[in-house]
Amino acid sequence: MKSLDGIKFAEMVQMGAHNLSQNANYVDSLNVFPVPDGDTGTNMNLSMTSGAKETEINVGKHIGKTAQNLSKGLLMGARGNSGVILSQLFRGFGKAIEKDSEIDAIQFANAFQAGVDTAYKAVMKPVEGTILTVAREAAAKAVEVAQEEDSIIAVMEAVVSEGKNSLDRTPDLLPVLKEVGVVDSGGQGLLFVYEGFLASLKGEALPAKNDASLDDLISAEHHRAQDFMSTEDIEFGYCTEIMVRLEQEKEPFDEAKFREELNVMGDSLLVVSDEEIAKVHIHSETPGAVLAAGQKYGSLIKIKVDNMREQHSSIVNDSSGTPASAPKKQEKHPYAVVTIAMGEGIAELLRSIGASYVIEGGQTMNPSTEDIVKAVKDVNAERVLILPNNKNIVMAAEQAVELLDIEAAVVPTKTIPQGMAAILAFNPESSVADNKEGMTDAFSHVKTGQVTFAVRDTTIDGVEIHKDDYMALAEGKIILSTPRMSEAAEKVVAELVDEDSEIVTVIYGEDATKAQANELASFIEENYPDAEVEIVEGKQSLYPFILSVE
């Protein structure tokens, strides 16, 4: 194969997205920290799925346009740092070939290199031993091979081969990877995409590995829909999920044909299949027709139909609300602070101290670039400051700012305590630039402590960690692993609170009780009598305690 057009490239994208989806759980398992929110695979999967969906509904022979569609879908769907870097890799790839109807091996290789150049520019402090290294070394090998070979397949083989070698070397570049005994999770995710590309070019089937994370995709679809929709706006009212056991005596199963048949029945369509099972999620007005379509290929072994209008009305009318419930658009405001939080109590706290709008998200579900853009548009302000409150959301927030047509900036908060301090420093009379500077300075004086639980046995920075232990984290560093929650919390306090500390805020989550929070407050008051202690019911998952020390 000496040339590549848009139709074939779209097939490669679908195969790459499918392979990543099949292995998303494995990629998640490679996250270095044994915390329950290791979600590199999930973020890359949801990001790539968004890109693949865009290419699927805009199929054409012009490869430049196909690559631009992939770039657009990835850009808007990017979640987490890994998803943003993935989107930047294909943003540069697409830009390099945007005017070409088809490309040869040299152009193909150069597009990979252009993607690497774009991604490195997007990262403020590139770290080697990560997805960036794997992409860079794979692209360099592709350019080298393209000078000798005129075969598209040969170039892609070089990308995959060198990508594997580069991935194997990542522990030599990042000591923490070697200590934990894993390769870089983002690099592994990218390799799964590249392996899908190669399998498509060669007409080979990919081996079934981990079960496709359809539940993650469904969660993302619902997360996006509920946050920005009123009940009367729901066009397709029944959330329909089916699982079909494929049978030889029935009609031969063709996933692309099945997807096309279902596509006219609703929206939010997700289809995942292997040799034995097809899983479907769709929002439709005619769930019976969806069931009938599935029965043509085999037996229905799972059926779930929910009335989303009823569900959505209940959510909207619930007096407690949800952290992400968007206000109706109103007259334009001069200024707004948009922030991100996990936990109803934390969201209410942030609103009470000045946040205009709180996007639901954080540890377990990083909002996409599109989620952030929609939130900013809904808040309807002339100037906006965005506070991510999570290191894995900063890049998506910065990417959102690039897509906005109003004055906006990211205040790069990486924890809830930092976000609290930044909001309190907001001055509606100051410029965006001055506010960013002042709010950044304010949160730099805050220390963050967390208590969470370990999801696997490992050793990090000399701390031996056992699965299901409670871990004490001080400023993001694991300092203790213990079976006792109270011991972990007290260790965080001892590490962060000193005689200069004035205020300690204890935010307790779903896995801690008010009594346990009071006990921790008593411990602080007894040992640090000069510090004022405040207790907040944050209702956050995964983290029994979050501590802010000022």
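Residues numbered from 1 in each chain as written. Predicted model: local features only at pLDDT ≥ 70, side-chain atom pairs only at ≥ 80, totals over all residues. Heavy atoms only, no water.

J.: Just give me the short version of the sheet that holds strand 15 (residues 477-482), but keep the residues and values in it.
T.: The mixed open sheet is built from six strands, whose spatial order is 15-14-11-18-16-17. Because the sheet does not close on itself, it has two edges, and the strands there are strand 15 and strand 17 (532-537). Averaged over all pairs of adjacent strands, the angle between strand axes in this sheet comes to 15°, irrespective of strand direction. Sheet topology places strand 11 (residues 447-453) next to strand 14 (residues 470-474); five bridges connect them, and they run antiparallel. Paired with F453 across the bridge in strand 14 is Y470. (Pairing = 2+ DSSP bridges. Helix = DSSP H or I, 4+ residues; strand = E, 2+ residues; numbered from the N terminus. Axes fitted to C-alpha atoms, helices over the stretch in contact; angles between N-to-C directions.)

J.: Please set out the environment of M342 residue by residue, giving values where relevant.
T.: Structurally, M342 can be placed in the loop between strand 7 (333-341) and helix 15 (344-352). Distance in space between the C-alpha atoms of M342 and N366 is 9.7 Å, their sequence separation being 24 residues.

J.: Account for the sheet that holds strand 6 (residues 298-307), naming residues and giving values.
T.: The antiparallel open sheet is built from four strands, whose spatial order is 4-5-3-6. Where the open sheet ends on each side, the last strands, each with one partner, are strand 4 (266-273) and strand 6. Between one strand and the next, the sheet's axes are offset by a mean angle of 10°, whatever the strand orientation. The pairing of strand 3 (residues 238-246) with strand 6 spans nine bridges and is antiparallel. The partner of I242 across the bridge, within strand 6, is I303.

J.: Quick one: what's the story with helix 16 (residues 369-379), residue by residue and with numbers?
T.: Extensive coverage of helix 16 is indicated by the burial of eight of its eleven residues. Along helix 16, the residues that are buried comprise T369, D371, I372, V373, A375, V376, D378 and V379. Just downstream of helix 16 lies N380, where phi reads positive at about 55°. (Buried < 20%, exposed > 50% of the residue type's maximum accessible area, 1.4 Å probe, protein only.)

J.: Any details on the packing of helix 8 (residues 152-173) against helix 10 (residues 185-202)? Residues and values, ideally.
T.: Two elements in contact, helix 8 and helix 10, have axes separated by 9 Å at closest approach and are oriented at 155°. Looking at the two axes, helix 8 sits roughly antiparallel to helix 10. Crossing of helix 8 over helix 10 shows left-handed handedness. The segment helix 8 lies against helix 10, with I152, I153, M156, E157, V159, V160, G163, K164 and L167 engaging G187, Q188, L191, Y194, E195, F197, L198, L201 and K202. Taken together, the residues of the contact of helix 8 with helix 10 sort by class into eleven nonpolar, three polar and four charged. (Parallel < 35°, antiparallel > 145°, perpendicular 65-115°, else oblique. Left-handed = near helix turned anticlockwise from the far one by under 90°. Contact = heavy atoms within 4.5 Å. Nonpolar A, V, L, I, M, F, W, Y, C, P; charged D, E, K, R; others polar.)

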